[in-house]
Amino acid sequence: MTQKCKVLVVGGGVVGASVAWHLTQAGAAVTLIDQGPGSRPSATAASFGWAGASASTPSDDPDAFALRLRALGEFKRLEQTLGTLPVTVRGALSWGATGDETAALIAEHLAAGSRIESLSAAQVRQKEPSLAVVPDLAIWAPDDFALEPVDLARCFIQAAQAGGATVLSGTVQRVLAAGGRVSGVELQGQAIFADRVVLANAYGALALAASVDVALPIEQQPAVLLRLDADRNLVRHLICAQDLELRPGKERGLMSALDYPLEGEAALQSLAEETCQSIAQLLQLPSVPRVLSIEVGQRPMASNKQVLCGPVGAVEGLSAVVAHPGVIPAPLLGRLCTQAVLAG
């Protein structure tokens, strides 16, 4: 390119930040637009941060599982380029309700290409000595890890800025287009012009795409992130068992990811209390840990449960990236979206 392609990326979460960095690496003139301080917490901020596939059952969605395995390998490429990533713990332990269920999961994972190992009770006890009762058989996923999603997004953004990207804060009201092609966006009443626009602002992409008569097949579903006041050293790895997902926090406490209660917001407190009791039993704690915070994040996803990545609608130059989970495939989607955007 004799003249750099100007690309606007809307959304400063982990997916949008990844897209912005990859585009910068590819030689585009990138402007990333984030909501800025004081805005509603993003899906990234309320993410549990599990990067891996061991907590999924391959047969539930073979295509999504294959994408996770593929995406996990992208982090090695990322570390070679960006350096140390904000990883809190490495390795994941999981087990089913019975030994037979765990054995079946192990066989299914191995058949699907997962790099996992079978652990005996003694091996589980060695890895997680705080467990009250250890299973006779468990799954060990050495390649899984937990990272801090907000910190990962910040790494992408800082690297993009170092490569020449511009970062703006504010609310994008609409996409601008003329003659069937995008021309930029309107940011708080001001026109920002570009050759391409990438919508990576989760469910917010729906309204922005609609502003140029493009219908995106996306929806959002709530999830709960629980932070607990407990010794973070009680848990040494990611754990998925007994209807719990648990890991140490970045600097203090423990974190647990939960499904949003069917009864709605009124049931959040009781859900948190029940989860704390379950964790106390799992780790044989002398008392039930105190809840530090209950965060509800909206998970954006395509209505057909597939990943949305690339050009959308009949407006030339408009792309969108929407996926759940977002943290795991972020490096892969950043690379694939960049290829699609610059090829258009």
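Residues numbered from 1 in each chain as written. Predicted model: local features only at pLDDT ≥ 70, side-chain atom pairs only at ≥ 80, totals over all residues. Heavy atoms only, no water.

Caption draft 1: Focus on the packing of aromatic side chains. For the coordinates displayed, the defined rule picks out three aromatic pairs. Considering the side-chain rings of tryptophan 21 and phenylalanine 156, the 5.9 Å spacing of their centres and the 40° angle between planes classify their relative orientation as tilted. Note that tryptophan 21 is positioned in helix α1 (residues 14–25) and phenylalanine 156 in helix α5 (residues 149–162), a separation of 135 residues in sequence. An identical accessibility class is assigned to tryptophan 21 and phenylalanine 156; each is buried. Geometrically, the ring pair formed by phenylalanine 75 and phenylalanine 145 is edge-to-face, given 5.2 Å between the ring centres and 85° between the ring planes. Placement of phenylalanine 75 in helix α2 (residues 62–82) and of phenylalanine 145 in strand β6 (residues 137–147) is noted, with a sequence separation of 70 residues between them. Pair check on accessibility: phenylalanine 75 and phenylalanine 145 agree, each one buried. (Phe/Tyr/Trp six-rings, centres within 6.5 Å; stacked < 30°, edge-to-face > 60°. Helix = DSSP H or I, 4+ residues; strand = E, 2+ residues; numbered from the N terminus. Buried < 20%, exposed > 50% of the residue type's maximum accessible area, 1.4 Å probe, protein only.)

Caption draft 2: Here's a closer look at the nonpolar core. Grouped together as the largest cluster of nonpolar side chains are 39 residues, with contacts concentrated most on Val7, Val9, Val14, Leu23, Phe75, Leu152 and Val198. Looking at this core element by element, the count peaks at seven residues for α1. If we skip the residues at most four places from it in the chain, valine 9 touches Gly16, Val19, Ala20, Leu23, Val30, Thr31, Leu32, Ile33, Val198 and Ala200. Grouped together as the second largest cluster of nonpolar side chains are 29 residues, Trp140, Ala230, Leu234 and Leu258 included. (Core = buried A, V, L, I, M, F, W, Y, C linked by side-chain atoms within 4.5 Å. Contact = heavy atoms within 4.5 Å.)

Caption draft 3: Broad picture of α2. Here α2 contains 21 residues, and its C-alpha end-to-end distance of 30 Å stays within 8% of the 30 Å for a straight helix at 1.5 Å per residue. Of the positions making up α2, those classed as buried are Phe65, Ala71, Leu72, Glu74, Phe75 and Leu78. Angularly, the buried residues of α2 cover 165° about the axis, an arc narrow enough to put them on a single face. Of the exposed residues in α2, those oriented more than 90 degrees away from the buried face are Pro62, Asp63, Lys76 and Gln80. Looking at the buried positions of α2, the neighbouring elements they touch are α1, β3 (50–51), α3 (99–112), β6, α5 and α8 (330–343). Within two residues after α2, glycine 83 carries a phi angle of roughly 90°, on the positive side. (Expected span 1.5 Å × (residues − 1). Arc of directions from axis to C-beta.)

Caption draft 4: Inspection of α8 at higher detail. With 14 residues, α8 should cover 20 Å at 1.5 Å per step; its first-to-last C-alpha distance of 20 Å lies within 8% of that length. Of all the residues in α8, the buried ones are Ala330, Pro331, Leu332, Leu333, Gly334, Cys337, Thr338 and Val341.

Caption draft 5: Summary view of the environment of isoleucine 218. Considering the arrangement of structural elements, one finds isoleucine 218 in strand β12 (residues 218–229). For the pair isoleucine 218 and leucine 208, spaced ten residues apart in sequence, the C-alpha to C-alpha distance is 12 Å. For isoleucine 218, the contacting residues outside a window of four places in its chain are Ala202, Tyr203, Ala205, Leu206, Met301, Ala302, Ser303, Leu308 and Val322.

Caption draft 6: Region of the structure containing the sheet that holds strand β10 (residues 190–193). Spatial strand order, β8-β9-β10: three strands in an open sheet with antiparallel pairing. One side of each edge strand has no neighbouring strand; the edge strands of this open sheet are β8 (172–178) and β10. Each strand axis lies, on average, 35° off the axis of its neighbour in the sheet, ignoring direction. Pairing of β8 with strand β9 (residues 181–187), which is carried by six bridges, proceeds in the antiparallel orientation. Bridging from a neighbouring strand, alanine 177 pairs with valine 182 of β9. (Pairing = 2+ DSSP bridges. Axes fitted to C-alpha atoms, helices over the stretch in contact; angles between N-to-C directions.)

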